[in-house]
Amino acid sequence: MKKSKRTKKTNYWRFKQNKDQYFKKSKILGFRSRASFKLIEINEKFQFLKKNIYLLDLGSSPGGWSQVASKKIIKGKILSIDKKLMDPIKNVNFLKYDLLNPKTKDKILDYFGGKIDVILSDMAADTTGNKSLDSIRTNGLCMETLNLSKKILKPTGVLVSKLFMGDDFLEVKKLAKSLFENVNFFKPKSSKNESKETYLHCKILKTL
Ligand SMILES: C[S@@+](CC[C@H](N)C(=O)[O-])C[C@H]1O[C@@H](n2cnc3c(N)ncnc32)[C@H](O)[C@@H]1O
């Protein structure tokens, strides 16, 4: 890209960020990302962050969701995992790992010493420029998280995951409904209108 075109694009991005009330609010409140407000809204609706729970935060970097979780969970345990590094947060244990690495599940179970109460995933696949492909890849991460929940979530547990309203939305919904008694979709106000992003909230694993 030519320098002048790149500068224009950067200026436009800065202009949009400055207009964004959630971006401004996150700076004022010391949150590392505007994503913090999405978790705050999802929790206001479904009330799953409790003071003594065991919680896994997948795709945690730079740490906005982990910051919110660490303020609520004062007696439990939090494990945050991301392919990218995350700066430390008090009372949050971080592992730089890829969810798709076959060793990740055992690392999680070792850390908690058993099954857990809540899985959060805000994982998003790296963008390629092809929106349809990006959506399929992120929804693939959502399905990996759903499959992981069978192995690491307590029967009464909760899963919250990002997904996109793309071609494979119905496939994700079908998988969620096959695993959980209660399945909801929720788009927080802080999730940009122009984005096809939404969040899946599931609770109570089906016992076969
Ligand atoms: C939208 S960001 C998460 C923002 C975060 N929830 C926050 O509040 O700051 C998505 C993250 O998913 C991570 N990610 C994508 N694929 C992953 C994978 N296979 N394993 C672990 N992390 C992954 C990316 O590295 C990125 O940091």
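For the structure itself, consult the block above.
This one's a predicted model, so the numbers in the text were calculated from it and none came from an experiment.

Below, the discussion takes up the nonpolar core. Core analysis: the biggest nonpolar cluster contains 39 residues, and L55, L56, I119 and L120 have the highest contact counts within it. Broken down by element, this core gets its largest block of residues, six residues, from strand β5 (residues 153-164). Not counting residues within four places of it along the chain, the set of residues in contact with L120 comprises L55, L56, D57, L58, W65 and V160.

Two quantities define a packed helix pair, namely the angle between the helix axes and the distance between the axes. In the contact formed by helix α3 (residues 36-46) and helix α4 (residues 64-72), the axes pass within 7 Å of each other and the chain directions differ by 45 degrees. The angle between the axes of α3 and α4 places the two elements in the oblique class. Considering how the two elements wind past one another, α3 and α4 form a crossing that is right-handed. Contact residues: S36, L39 and I40 in α3; G64, W65, Q67 and V68 in α4.

In this section: the site of the ligand. With respect to spatial proximity, 23 residues lie near the ligand, and among them S33, A35, G59, G64 and D122 are the closest. Class assignment of the residues belonging to the shell around the ligand gives a composition of ten nonpolar, seven polar and six charged.

Turning next to the environment of F48. Here F48 lies in the loop between α3 and β1 (54-58). A count of 19 C-beta atoms within 10 Å places F48 in the partly exposed class. Residues F48 and L99, 51 residues apart in the sequence, show an inter-C-alpha distance of 23 Å. Not counting residues up to four positions away in its chain, the partners in contact with F48 are N43, V118 and V158.

Looking now at the sheet that holds strand β2 (residues 77-82). One open sheet holds the seven strands; their spatial order is β3-β2-β1-β4-β5-β7-β6, and the pairing between them is mixed. Each edge of the sheet is formed by a strand with only one pairing partner; in this case those strands are β3 (93-96) and β6 (180-186). Neighbour-to-neighbour, the strand axes of this sheet turn through a mean angle of 15 degrees, independent of strand direction. Those strands touched by α3 are β5, β6 and β7 (197-205), and its axis lies near 40 degrees from that of β7. Its contacts with the sheet put helix α7 (residues 169-179) on β5, β6 and β7, and the angle it makes with β6 is roughly 145 degrees.

Bringing the packing of helix α6 (residues 131-152) against α7 into the picture now. It is at 10 Å that the axes of α6 and α7 come closest, and there the two elements cross at 10 degrees. It follows from the interaxial angle that α6 and α7 lie roughly parallel. The residues of α7 that touch α6, namely those facing N139, C142, M143, L146, S149 and K150, are V172, L175, A176 and L179. For the contact of α6 with α7, the residue count by class is seven nonpolar, two polar and one charged.

In this structure, P62 follows S61 across a cis peptide bond, with omega equal to 10 degrees. Secondary-structure assignment places P62 in the loop between β1 and α4. With a phi close to 70 degrees, N91 is a non-glycine residue in the positive phi region. Locating N91 in the fold gives a position in the loop between β2 and β3. With 14 C-beta atoms counted inside 10 Å, the residue N91 sits in the partly exposed group.

This next bit is on the pairing of strand β4 (residues 116-121). The element β4 is extensively covered by neighbouring structure, given that six of its six residues are classed as buried. Note: β1 against β4, four bridges, orientation parallel. When the bridges of β4 are listed, L55 appears paired with V118. Bridge analysis of β4 against β5 gives five bridges, and the strand direction is parallel. Looking at β5, one finds that I116 is bridged to L153. Of the crossover connections in this fold, the one passing from β4 over α6 to the parallel β5 is right-handed.

About the thresholds
Residues numbered from 1 in each chain as written. Predicted model: local features only at pLDDT ≥ 70, side-chain atom pairs only at ≥ 80, totals over all residues. Core = buried A, V, L, I, M, F, W, Y, C linked by C-beta atoms within 7 Å. Buried ≥ 20, exposed ≤ 12 C-beta atoms within 10 Å, placed from the backbone. Helix = DSSP H or I, 4+ residues; strand = E, 2+ residues; numbered from the N terminus. Contact = placed C-beta atoms within 7 Å. Axes fitted to C-alpha atoms, helices over the stretch in contact; angles between N-to-C directions. Parallel < 35°, antiparallel > 145°, perpendicular 65-115°, else oblique. Left-handed = near helix turned anticlockwise from the far one by under 90°. Near = placed C-beta within 6 Å. Nonpolar A, V, L, I, M, F, W, Y, C, P; charged D, E, K, R; others polar. Pairing = 2+ DSSP bridges. Right-handed = clockwise from strand over helix to strand, strands pointing away.

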